[in-house]
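A look at the structure
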Protein chains: 2
Amino acid sequence: MRDNETHMSSPEKRTAGPGRPRNFDEAAALQSAMHVFWQKGFEATSLDDLTKAMGLSRSSFYATFGCKQTLFLRALEHYSENGIRGLKEVAETAADDPVDAMMQALSDPKGGPRGCLLVNCITELAPHDDKVAEIGRRHLEDIEDLFAAAIDPANPDGVRDRASAYSSLAIGTLALRKAGLPAERIARTLKQARTVLTS
Amino acid sequence: MRDNETHMSSPEKRTAGPGRPRNFDEAAALQSAMHVFWQKGFEATSLDDLTKAMGLSRSSFYATFGCKQTLFLRALEHYSENGIRGLKEVAETAADDPVDAMMQALSDPKGGPRGCLLVNCITELAPHDDKVAEIGRRHLEDIEDLFAAAIDPANPDGVRDRASAYSSLAIGTLALRKAGLPAERIARTLKQARTVLTS
DNA sequence: TTGTTTCTGGACCGTTCAGTCCAATAATGT
DNA sequence: ACATTATTGGACTGAACGGTCCAGAAACAA
């Protein structure tokens with residue numbers, strides 16, 4: 001993505017009528033694409049990577065998703081929605097210490113060493129791509145909101161700043177993971193920092 | 001960088017002798033290259049970008065630096081050395097509260113919204129490139145060492161974990177910056193978190 | 001079956017990429 | 001001045017990129 005204004009050919013709306021129906025699941029394809037972007041980043045992901053992972057021909061790809069950039073943004077939205085919903089569930093499930101549970105979930109995401117797709121994309125693209133920055137900002141704010149809601153209401157001092165600190169801390173550990181530092185040490189760090197930040 | 005094993009043609013050692021001397025400063029060229037990588041990342045930086053910024057012809061470029069990948073690694077090393085030295089100076093200068101000074105410096109680096117070159121590269125490349133991961137790991141550990149040394153010796157409990165928490169926190173805020181969150185809010189968050197983490 | 005509509009694979013296009021190569025040039029020692 | 005050596009710019013290469021296009025196959029309604 002070297003340029004903000006891409007060709008952006010939009011997928012023509014096809015009238016539903018008689019004729020061959022598509023034999024792939026658009027949502028599943030989107031999910032697959034998301035995983036590729038997650039693993040390789042935007043620039044390093046080629047159309048061959050995408051079509052192969054999605055099980056689509058190039059034609060179907062462009063007819064359905066328009067262009068790489070459009071698909072990418074949809075994948076980011078998809079990731080964000082799923083991630084925030086999952087994080088909310090984590091907080092609700094671990095009602096005894098939702099903040100700690102959220103920190104663990106953020107720091108050790110299901111994506112494994114791939115980290116958080118949106119944090120990756122913020123780092124790679126946000127400074128040069130407004131749309132990515134926008135989605136990223138909203139994602140981060142959603143996370144902060146969840147932290148703010150999970151913070152013990154008996155300790156309401158500087159809730160917003162503490163929520164921000166929690167998410168920054170968790171996000172920061174992703175870089176440590178990616179650099180190859182042992183997960184065990186990171187978890188311990190997080191645990192310790194959390195007990196201190198609570199007070 | 002789609003592949004770990006690149007062509008890696010090494011720059012032939014030129015015997016010093018009579019003949020035209022090079023009329024550019026290798027260190028300055030390296031510095032310029034570093035800034036380009038810092039701004040655009042590895043993948044998005046083309047050789048034209050590099051040669052233009054460095055003021056070199058393609059021939060001189062390859063004769064001097066071998067290949068893009070090699071230059072890149074040298075730029076990372078250069079950045080790390082400079083950064084760690086600068087951070088150490090920050091800590092020594094602000095002797096009253098070196099931890100706070102370091103956090104500020106890390107969170108609001110001279111690179112501005114570009115964040116930290118090494119954190120960017122860890123995010124973009126470390127999972128697929130061992131050498132980058134190695135340099136990044138060392139950089140992060142150096143930062144942690146500086147924090148550990150700066151922590152009040154009257155409070156020696158869990159020094160290592162606290163140092164790790166400080167750097168994670170500072171590094172995490174870089175993502176917030178890149179996503180476009182206002183610097184003022186981030187600084188406030190950091191300040192508040194720091195006062196709590198000290199206790 | 002026939003007609004219609006949509007999907008599919010692969011060929012194709014123009015651009016850009018990292019890297020190579022060479023004739024011309026410029027700075028040195030003698 | 002001359003021979004020597006390294007630098008320089010720019011042309012070039014082969015591969016990979018994102019995106020387009022089309023002929024044919026496949027699935028529906030009738």
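Look above for the structure.
Criteria and thresholds
- Position numbers for residues count from 1 along each chain, tracking the sequence in the order it is written.
- Here every chain gets a letter starting at A, and every ligand a number starting at 1, in the order they are written.
- Selection of residues for local features in this predicted model requires a pLDDT of at least 70, selection of side-chain atom pairs for listing and counting requires 80 or more, and totals for whole chains, interfaces and linings are taken over all residues.
- Note that the side-chain values use all heavy atoms of the structure and ignore hydrogens as well as water.
- Segments assigned H or I by DSSP are reported as helices when at least four residues long, segments assigned E as strands when at least two residues long, and all are numbered from the N terminus.
- Buried, partly exposed and exposed residues are distinguished by accessible area as a fraction of the type maximum, computed with a 1.4 Å probe on protein chains only: under 20%, between the cut-offs, and over 50%, respectively.
- The criterion used for residue contact is that any of the two residues' heavy atoms lie within 4.5 Å.
- Least squares is the method used to superpose the copies, on C-alpha atoms of residues holding a pLDDT of at least 70 in both.
- A 1.4 Å probe defines the accessible area here, and the buried area is the portion of it lost by two parts on being joined, summed over both.
- Salt bridge, as applied in this entry: a Lys or Arg side-chain nitrogen positioned within 4 Å of an Asp or Glu carboxyl oxygen.
- In protein, a polar contact requires one atom able to donate a hydrogen and another able to accept it; more generally it is a pair of N or O atoms within 3.5 Å, and residues adjacent in sequence count only if both atoms are side-chain atoms.
- Throughout, the ten residues Ala, Val, Leu, Ile, Met, Phe, Trp, Tyr, Cys and Pro are labelled nonpolar, Asp, Glu, Lys and Arg are labelled charged, and all others, Gly among them, are labelled polar.
- Expected helix span is taken as 1.5 Å per residue step, with the number of steps being one fewer than the number of residues.
- Lines fitted to C-alpha atoms define the axes, with helix axes restricted to the stretch in contact, and inter-axis angles between N-to-C directions lie between 0 and 180 degrees.
- When describing relative orientation, an angle under 35 degrees is termed roughly parallel and one over 145 degrees roughly antiparallel, while 65 to 115 degrees is termed roughly perpendicular and anything else oblique.
- Should the near helix be turned counterclockwise from the far one by less than a right angle, the crossing is left-handed, whereas a clockwise turn marks it as right-handed.

**Let's talk about the environment of Met34 of chain B**
All names here are of chain B. Residue placement: Met34 occurs in helix α1 (residues 26–40). Exposure remark for Met34: the relative accessible area of 5% places this residue in the buried category. Spatially, the C-alpha atom of Met34 lies 9.6 Å from that of Leu73, the residues being 39 residues apart in sequence. Setting aside chain neighbours within four positions, we find Met34 in contact with Ala75, His78, Tyr79 and Leu117.

**Re the relation of the copies chain B and chain A**
Mapping chain B onto chain A calls for a screw motion: a turn of 180° about the axis and a shift of 0.0 Å along it, with 0.0 Å RMSD after fitting. Both copies are brought into coincidence by an operation consistent with a two-fold rotation axis. Nearest to the rotation axis, the C-alpha of Gly172 of chain B is located 1.9 Å from it, this being the minimum over chain B. Looking at chain B, 100% of its interface residues are interface residues in chain A too, so the copies touch through the same face.

**Quick look at the interface of chain B and chain A**
The interface is formed by 45 residues belonging to chain B together with 45 residues belonging to chain A. Of the roughly 3,800 Å² buried between chain B and chain A on both sides combined, carbon and sulfur atoms contribute 61%. Along the contact surface separating chain B from chain A lie four salt bridges. The partner of Glu144 of chain A in a salt bridge is Arg185 of chain B, and the shortest N-O contact between them spans 3.4 Å. In this structure, the connection of chain B to chain A is made through 14 residue pairs in polar contact (both at pLDDT 80 or more). Residue assignment for the side of chain B that touches chain A shows that the elements contributing at least two residues are α1, α6 (117–125), α7 (130–150), α8 (159–179) and α9 (183–198) of chain B. Ranked by residues supplied to the side of chain B that touches chain A, first place goes to α8 of chain B with 14 residues. Here the residues of the side of chain B that touches chain A are counted per class, giving 18 nonpolar, 14 polar and 13 charged.

**Topic: helix α7 (residues 130–150) of chain A**
Here α7 of chain A is 21 residues long and its end C-alpha atoms lie 30 Å apart, about the 30 Å a rise of 1.5 Å per residue gives. Between the side-chain oxygen at the start of α7 of chain A and the backbone nitrogen of Lys131 of chain A there is a gap of 3.0 Å, and the oxygen is on Asp129 of chain A.

**Description of the packing of α6 of chain B against α7 of chain B**
Residue and element names in this part refer to chain B. Where α6 meets α7, the axes come as close as 9 Å, and the angle between the chain directions of the two elements is 140°. Between α6 and α7, the interaxial angle falls into the category oblique. Between α6 and α7 the crossing geometry is left-handed. Residues Leu118, Cys121, Ile122 and Leu125 of α6 form the contact with α7, whose participating residues are Val132, Ile135, Gly136, His139 and Leu140. Across the contact of α6 with α7, the residue classes tally to seven nonpolar, two polar and no charged.

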